[in-house]
Amino acid sequence: MASNESFYDVFRQQGISRRSFNKFCSITAASLGLGPAFAPRIAHAMETKRRTPVIWLNGLECTCCSESFIRSSHPLVSDMVLSMLSLDYSEVLMAAAGHQAEAALQETLRDNYGEYILAVEGNPPLNEDGMFCIVGGRPFLEQLQEMAAGAKAVIAWGSCASNGCVQAAKPNPTQATPIHKVIRDKPIIKIPGCPPIAEVMTGVVTYMLTFGEIPPLDRLGRPKMFYGQRIHDKCYRRPHFDAGQFAEAWDDENSRKGYCLYKMGCRGPTTYNACSTVRWNDGVSFPIQSGHGCIGCSEENFWDNGPFYERLAKINTPFFVESDADRIGLGAVAVVGTAIAAHTAASALQRARSNSNAAKSE
Amino acid sequence: MATTSETKKAPSGFFAKVIHHSTEVESPASKIYVYEAPVRFWHWMNALCIVALVVTGYLIGKPLPSIGGEASDHFLFGNIRLIHFAAGQLLIVLLVYRIVWAFFGNEHSHQLFLPPFWSRKWWGEVWHEVRWYSFLEKTPKKYIGHNPLAQLAMFTVFLLPLLNLVATGGALYAEGEGIDSYWYMAFGWVFSVYGDSFNVHTVHRLSMWVIVCFTMIHTYLAIREDIMSRQSLVSTMISGWRYFKDDKE
């Protein structure tokens, strides 16, 4: 694949009009929250910059990130996005297979060393020398480290690459490990979510192409523009939360009225993502709008912070196999209360005895 | 009562005797000024804040039964959270005030912050107190300030959990204020210690229960000591004066 045409060249080859191109630039500027003044800058970048080669690797994962990515609506449709990038290697989307595919990988590594973006979906298992995930006849860990060495920047797609996700949940038999623990010398942009929102994925890539740098990140390495607020902060059910109106059961009247799902264990208040603003499937809906609480899929350890339908996390203690903060707390209060009652009784007894001794001695 | 000498201690100088050992009374006057007004003010204001915070905090984790009507007519949960946040911020201001006072106040004012963990004698006296509370010692020792066991408890199950609550509480409040806020600049590091927001909530709630247990024991022992030991407890935190009930050594 040739990587030296500009994006605009590719668009025109595909029969996209100048007018559609300008519309795309405006929509992209708006979806990134940049304002109208940036549309011409995006257009300029698209007309002058070479397409950036992208290598998309798949480790231990379920391909939901790829599935989400190809459903992006803004910026436009999937084939448009695939033209913006020079997607040189993607096991899901590429036509080549077998030795041809591996040859494309080596070609990019050789021709674009230090230039390409490495997008990683999934994570490497470290147990048994990485034998739980084999790509092209060798452990995925090897392929990942080889390709990371020549990358300009690394994008960690989804919760697998960012946090480990389900395969890293306790007891993590394969020792699945998020990529920032095996790649330490490259900037990593984490796009957590299971999967991430399509427009978030394409938005981040567009930002990087437009400005030639990685977007501003928060302390966990997530782009601030999409992960800067909790779902709760922009949830349309928030007024019910502030009023004290909660669904108490999945089939009660409050649930039908669309009250807040906080008591049903909704993780909106602890989850950083753009679901309540960008929403899913071209802005149609998101879990809370569909009547189900957020499960916090873009947060670290969300599988272990269960159960999904309870407010407080279960805590495993040596004494109670499954407990939560309130059960432990109330248990401690009961023990302390009993001890105080017993100690009061013993103290009263001792005082009575010493008083009678004192009376006797007098 | 043979000798009643009222010795009001003047505040010691800057940083003077910052490292303070619990002083066992050698030949106590029967009435000593222990807790200065700022300490007493802090104690009771802090107690009020903690009661407000525990009640509202419990309700934030386990909300009251849902109310009906229009969302725009009610702000019940919002008000509960408002009280929690206001009391929490007041507690932080009071805590800062208390820490500053520890540098200016008398020798008892910094007892809370620096138990002499390195002192063998002090640990010996801790053990003596444990035996007293286990009914193994006939007579308690007299202390002007906290007894060593109380000092140890104040530090480990009151001050440390309280600081933990301030840190995690500040971090959770910072989430609402936004990641570019001053609150996040001050408390964002907490997420590097405890991980995700959900964990910080869990730690915050567990710490609350530690403070609840502490408050129960603290109240019980203060009343018990008032009755059983040789010195005043509850009234001392109101008036500042510690009374000794006998003048035996």
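Quick caveat: nothing in here was measured; it's all calculated off a predicted structure.

1. Overview of the overall build of chain B
Across its full length, chain B carries eight helices and two strands. Reading the secondary structure of chain B in the N-to-C direction produces β-α-α-α-α-α-α-α-α-β. Out of the 249 residues in chain B, the part that is buried amounts to 51%. Accessible surface for chain B amounts to roughly 12,100 Å². Of this, 70% is attributable to carbon and sulfur atoms.

2. Quick word on the environment of C160 of chain A
Residue and element names in this part refer to chain A. Note on placement: C160 falls in helix 8 (residues 158–163). In this structure C160 comes out as buried when scored by relative accessible area, which is 11%. As a C-alpha pair, C160 and S323 span 163 residues in sequence and 27 Å in three-dimensional space. Once residues lying within four places of it in the same chain are set aside, the contact partners of C160 are L60, E61, G122, N123, C165, Q167 and P178.

3. Quick look at the pairing of strand 6 (residues 153–157) of chain A
Taken residue by residue, a regular strand's side chains alternate between the two faces of the sheet. Residues and elements named next belong to chain A. Taking burial as the measure, the five residues of strand 6 include five buried ones, the bulk of the element. Residue alternation in strand 6 divides its side chains into two sets, A153, I155 and W157 and V154 and A156, and both sets are buried. Where strand 3 (residues 117–121) meets strand 6, five bridges bridge the pair, whose relative direction is parallel. Residue pairing for strand 6: V120 is matched across the bridge by A156.

4. Details of the interface of chain A and chain B
By convention, interface size is frequently given as the accessible area that disappears when the constituent parts associate. Listed by partner, the interface residues are 48 residues for chain A and 46 residues for chain B. Taken over both partners, the interface formed by chain A and chain B buries close to 4,000 Å², and the fraction arising from carbon and sulfur atoms is 60%. Among the residues of chain A in contact with chain B, R219, D326 and H343 of chain A are the three that bury the most area, contributing 14% of the side total. If you look at where chain A meets chain B, you find five salt bridges. Between D180 of chain B and K224 of chain A there is a salt bridge whose closest N-O contact spans 3.1 Å. Counting across the chain A and chain B interface gives 26 residue pairs in polar contact (both at pLDDT 80 or more). Those elements that place two or more of their residues in the side of chain A that touches chain B are helix 11 (238–243) and helix 14 (325–361) of chain A. Split into classes, the residues belonging to the side of chain A that touches chain B amount to 19 nonpolar, 14 polar and 15 charged.

5. Topic: the packing of helix 6 (residues 98–111) of chain A against helix 7 (residues 140–149) of chain A
Pairs of packed helices are described in terms of their axes, by the angle between the two and the distance that separates them. Residue and element names in this part refer to chain A. For the pair helix 6 and helix 7, the least separation of the axes is 10 Å and the interaxial angle reads 30°. When the axes of helix 6 and helix 7 are compared, the pair comes out roughly parallel. In this structure, helix 6 crosses over helix 7, and the sense of that crossing is left-handed. Residues E102, L105, Q106 and L109 of helix 6 lie in contact with helix 7, whose contacting residues are Q143, E146 and M147. Of the residues that constitute the contact of helix 6 with helix 7, the class distribution is three nonpolar, two polar and two charged.

6. A word on the confidence of the model for chain B
The predicted model of chain B averages 84 in pLDDT, with 87% of residues at 70 or higher. Contacts of residues 1–22 of chain B to residues separated by more than four positions or lying in other chains number 52 contacts, the stretch itself having pLDDT below 50.

7. Quick notes on the nonpolar core
Within the largest apolar cluster, 87 residues are counted, with the highest numbers of intra-cluster contacts made by I155, W157, I191 and I288 of chain A together with F158 of chain B. With eleven residues, helix 4 (residues 148–177) of chain B is the single largest residue contributor to this core. Those residues in contact with F158 of chain B that lie beyond four places of it in its chain are W42, N46, I50, L112, A153, I211 and F214 of chain B.

8. Observations regarding a nonpolar patch on the surface
Taken together, the side chains of W44, I223, I227, V234 and I238 of chain B present a nonpolar region at the surface, about 460 Å² in accessible area. When you line up the elements, I238 of chain B lands in helix 8 (residues 234–239).

9. Some words on the sheet that holds strand 6 of chain A
Two strands in a sheet stick together by hydrogen bonds in their backbones, pointing the same way (parallel) or opposite ways (antiparallel). All names here are of chain A. As summarised here, the arrangement of the five strands in space is 2-1-3-6-7, forming an open sheet in which the pairing is parallel. Every interior strand has two partners, whereas the edge strands, strand 2 (85–90) and strand 7 (188–191), have only one. Going across the sheet, the axis of each strand differs from the next one's by a mean of 20°, ignoring polarity.

10. So, the state of the cysteines
Residue and element names in this part refer to chain A. If you walk through the whole model with that rule in mind, you get zero disulfides over all chains. Considering cysteine sulfurs only, C266 is the nearest to C235, which forms no disulfide, with 6.5 Å between them. Classification of C235 as buried rests on a relative accessible area of 11%.

11. What to know about the confidence of the model for chain A
Of all residues in chain A, 94% attain a pLDDT of 70 or more, and the chain-wide mean is 87. Across chain A, the secondary-structure element scoring lowest on mean pLDDT is helix 5 (residues 78–84) of chain A, at 57, and the one scoring highest is strand 7 of chain A, at 96.

12. What about the domain arrangement of chain A?
Residues and elements named next belong to chain A. Domains assigned within chain A are domain 1 (7–227), domain 2 (231–311) and domain 3 (323–361). Here domain 1 and domain 2 have C-alpha centroids that lie 28 Å from each other. Contact with domain 1, which involves 20 residues of that partner, is made by 15 residues of domain 2. Of the roughly 1,500 Å² buried where domain 1 meets domain 2, counting both sides, 60% is carbon and sulfur surface. At the boundary of domain 1 and domain 2, one finds one salt bridge. Taken together, the connections running from domain 1 to domain 2 amount to four residue pairs in polar contact (both at pLDDT 80 or more). Put simply, the parts of the chain that give the side of domain 1 that touches domain 2 at least two residues each are helix 8, helix 9 (198–211) and helix 10 (224–227). Residues belonging to the side of domain 1 that touches domain 2 are distributed by class as follows: eleven nonpolar, six polar and three charged.

Rules used throughout
- Residues numbered from 1 in each chain as written.
- Chains lettered and ligands numbered in written order.
- Predicted model: local features only at pLDDT ≥ 70, side-chain atom pairs only at ≥ 80, totals over all residues.
- Heavy atoms only, no water.
- Helix = DSSP H or I, 4+ residues; strand = E, 2+ residues; numbered from the N terminus.
- Buried < 20%, exposed > 50% of the residue type's maximum accessible area, 1.4 Å probe, protein only.
- Areas by Shrake-Rupley, 256 points an atom, 1.4 Å probe, with all protein chains shown as cover.
- Contact = heavy atoms within 4.5 Å.
- Pairing = 2+ DSSP bridges.
- Buried area = accessible area lost by both parts, 1.4 Å probe.
- Salt bridge = Lys/Arg side-chain N within 4 Å of Asp/Glu carboxyl O.
- Polar contact = N/O pair within 3.5 Å; in protein donor to acceptor, adjacent residues only side chain to side chain.
- Nonpolar A, V, L, I, M, F, W, Y, C, P; charged D, E, K, R; others polar.
- Axes fitted to C-alpha atoms, helices over the stretch in contact; angles between N-to-C directions.
- Parallel < 35°, antiparallel > 145°, perpendicular 65-115°, else oblique.
- Left-handed = near helix turned anticlockwise from the far one by under 90°.
- pLDDT = per-residue confidence, 0-100.
- Core = buried A, V, L, I, M, F, W, Y, C linked by side-chain atoms within 4.5 Å.
- Patch = residues over 30% accessible without salt bridge, like charges linked within 9 Å, V, L, I, M, F, W, Y side chains within 5 Å.
- Disulfide = S-S within 2.5 Å.
- Domains from an automatic or database assignment.

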